[in-house]
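# Coordinate inspection notes
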Amino acid sequence: MTIGDQAGGGRVLSGRGLGPAGSSICVCPKCDYKEAHKRGVPCNQISCPKCGTKMRGENC
Ligand SMILES: [Zn+2]
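Not measured: the values here are computed from a predicted model. (Residues numbered from 1 in each chain as written. Predicted model: local features only at pLDDT ≥ 70, side-chain atom pairs only at ≥ 80, totals over all residues. Heavy atoms only, no water.)

Sheet strands pair via backbone hydrogen bonds, and the direction of the pair is either parallel or antiparallel. Strand order across the open sheet formed by three strands is E2-E1-E3, with antiparallel pairing between neighbours. Of all strands in the sheet, those bounded by a partner on one side alone are strand E2 (34-36) and strand E3 (56-57). Relative to E2, strand E1 (residues 25-27) runs antiparallel, the two sharing three bridges. Note that in E2 the partner of valine 27 across the bridge is lysine 34. (Pairing = 2+ DSSP bridges. Helix = DSSP H or I, 4+ residues; strand = E, 2+ residues; numbered from the N terminus.)

As structure tokens, then:
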């Protein structure tokens, strides 16, 4: 816990977890690994770092 966290307080709560709006997450259908989606790179071109399966976009 740092004092600095309090500074931007209100906005952080609406952002929840990974990325803005939570609409850009890649998910591995096999092991359920989740990763922030990179803009311009389709999730299905990313391989899961854990099991090697192609990722899928959760809300793309
Ligand atoms: Zn996986």
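So, on to the coordination of the zinc ion. Protein coordination at the zinc ion: the donors are Cys28 (SG), Cys31 (SG), Cys48 (SG) and Cys51 (SG), at 2.3 Å from the metal. Donor residues for the zinc ion, ordered by position in the chain, follow C-x2-C-x16-C-x2-C. Within this pair, whereas cysteine 28 is found in the loop between E1 and E2, its partner cysteine 48 is found in the loop between E2 and E3, the two being separated by 20 residues in sequence. Residue cysteine 28 is classed as buried on the basis of its relative accessible area, which comes to 0%. Owing to a relative accessible area of 4%, cysteine 48 belongs among the buried residues under this scheme. (Donors = N, O, S within 2.8 Å, 3.2 Å for Na, K, Ca; no water. Buried < 20%, exposed > 50% of the residue type's maximum accessible area, 1.4 Å probe, protein only.)

Another point: the environment of tyrosine 33. Of note, tyrosine 33 is situated in the loop between E1 and E2. Sequence-wise, tyrosine 33 and cysteine 51 are 18 residues apart; in three dimensions their C-alpha atoms are separated by 9.1 Å. Other than its neighbours up to four places away in sequence, tyrosine 33 contacts Cys26, Val27, Cys28, Cys48, Pro49, Lys50 and Met55. A distance of 3.4 Å separates polar atoms of two side chains, one belonging to tyrosine 33 and the other to glutamate 35. (Contact = heavy atoms within 4.5 Å. Polar contact = N/O pair within 3.5 Å; in protein donor to acceptor, adjacent residues only side chain to side chain.)

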